[in-house]
Amino acid sequence: MMPAVAEERRAPRVVGVEFPFGHAFGMPRDQSMQRHVLELALRVLAGASAPGTRVDIDIEWPVPLREAYRAWQPKVASPIVKLILESGRPRP
Amino acid sequence: MNVDSYRFLPRSFRPYYEGRGPFLGEEDPVWAPFEKRLQESRIALLTSAGLYMKETQPSFDVERERANPEWGDPTWRSIPSGAEPTDLGVAHLHINDEDLLVDPQIALPARLLEELATEHVIGSATPEHLSVMGYQERSLEGWRDKTVHELVVRLREHAADGLILAPA
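Residues numbered from 1 in each chain as written. Chains lettered and ligands numbered in written order. Predicted model: local features only at pLDDT ≥ 70, side-chain atom pairs only at ≥ 80, totals over all residues. Heavy atoms only, no water.

1. Concerning the packing of aromatic side chains
Then, in step 1: Per the counting criterion, the structure on display carries three aromatic pairs over all chains.
Then, in step 2: Summarising the aromatic geometry, the rings of B:Phe13 and B:Tyr16 are spaced 5.5 Å apart at their centres and angled 50° between planes, so their arrangement reads as tilted.
Then, in step 3: Of the residues examined, B:Tyr16 reaches a relative accessible area of 17% and is grouped as buried.
Then, in step 4: Over the ring of B:Trp31 we find A:Arg13; its NZ or CZ atom is 4.1 Å from the centre of that ring. (Phe/Tyr/Trp six-rings, centres within 6.5 Å; stacked < 30°, edge-to-face > 60°. Buried < 20%, exposed > 50% of the residue type's maximum accessible area, 1.4 Å probe, protein only. Lys NZ or Arg CZ within 6 Å of the ring centre and 35° of its normal.)

2. Structural notes on the interface of chain A and chain B
Then, in step 1: Listed by partner, the interface residues are 62 residues for chain A and 66 residues for chain B.
Then, in step 2: Contact between chain A and chain B buries roughly 5,700 Å² in total, counting both sides, with carbon and sulfur atoms accounting for 63%.
Then, in step 3: Remark: the boundary between chain A and chain B carries four salt bridges.
Then, in step 4: B:Glu119 is the partner of A:Arg35 in a salt bridge, and the nearest nitrogen-oxygen pair spans 2.5 Å.
Then, in step 5: For the side of chain A that touches chain B, the secondary structure elements donating two or more residues are helix 1 (3-8), strand 1 (13-16), helix 2 (31-47), strand 2 (53-56), helix 3 (65-71) and helix 4 (79-87) of chain A.
Then, in step 6: For the side of chain A that touches chain B, the element with the most residues is helix 2 of chain A, which contributes 10 residues.
Then, in step 7: Across the side of chain A that touches chain B, the residue classes break down as 38 nonpolar, nine polar and 15 charged. (Contact = heavy atoms within 4.5 Å. Buried area = accessible area lost by both parts, 1.4 Å probe. Salt bridge = Lys/Arg side-chain N within 4 Å of Asp/Glu carboxyl O. Helix = DSSP H or I, 4+ residues; strand = E, 2+ residues; numbered from the N terminus. Nonpolar A, V, L, I, M, F, W, Y, C, P; charged D, E, K, R; others polar.)

3. Focus on the environment of B:Leu108
Residues and elements named next belong to chain B.
Then, in step 1: Here Leu108 shows up in the loop between helix 3 (98-102) and helix 4 (110-118).
Then, in step 2: We classify Leu108 as buried; its relative accessible area is 5%.
Then, in step 3: The residues contacting Leu108, other than those within four sequence positions of it, are Leu45, Leu46, Thr47, Leu51, Ile79, His129 and Leu130.

4. Focus on the side chain of B:Ser48
Then, in step 1: If you trace the backbone, B:Ser48 turns up in the loop between strand 1 (42-47) and strand 2 (51-53).
Then, in step 2: Discounting residues that sit within four places of it in the chain, B:Ser48 has contacts with B:His92, B:Val132, B:Met133, B:Gly134, B:Ala166, B:Pro167 and B:Ala168.

5. Quick word on unusual backbone geometry
Then, in step 1: Phi angles above zero are rare outside glycine, and A:Arg29 is one such case at about 65°.
Then, in step 2: For A:Arg29, the position within the fold is in the loop between strand 1 and helix 2.
Then, in step 3: Relative accessible area serves as the criterion here: at 68%, A:Arg29 is assigned to the exposed category.
Then, in step 4: A positive phi angle, near 55°, is found at B:Leu140, a position not held by glycine.
Then, in step 5: Within the secondary structure, B:Leu140 is located in the loop between strand 6 (128-132) and helix 5 (141-157).
Then, in step 6: Residue B:Leu140 is classed as buried on the basis of its relative accessible area of 18%.

In structure tokens, the structure reads:
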């Protein structure tokens, strides 16, 4: 979901997806999408020849951005998000 | 094309992730060659979606996280590859769990991996996969000291040749 962060943290092989959090392999009940991501991950696992290999998947999330952005988030803000919002301070 | 890594992240949280670089002392490249053919390899999956077996395993400790928001449960769970969606619970306070409960394959596609083994795309899948809860203390103390070592032992017991890590 955040392949740039995985790269910065030195993940040796990265498959990038532009999917909402909680959906690493795609849409629920869309086996074709899930399999596409899984197969590419396996190919990159076995076929990458150097550290820092990144391959991104060209699949657009099939839900309007605003709707998908809201949908992945928990109904109640997580404790750390609540703390940050209440205190106005950055996470230590 | 390059995907937008921050497309679904609230804008105000982007500075917490973007341009932070490697962890201190972890600047060097990480690499282990994958030497077998995929068709001869045994593959395991790891999700950070906080999945657990509802009837036989405790949930990740979200109550302690509620009491101490900077702490995250560093333990792990093993998920049998044949687990049904109804066997699984989700304990992760940072994502909406509705889609995960409907179809856990979006985080841990164990059934699809078995399918790929049947089709000889891979040699086999491990009989169980691994689950952690991805929100952790900044120090990653519990993971560094204990969890990662236990996970490696378990993967070696299952003779896994490769691991697909799927962030939630």
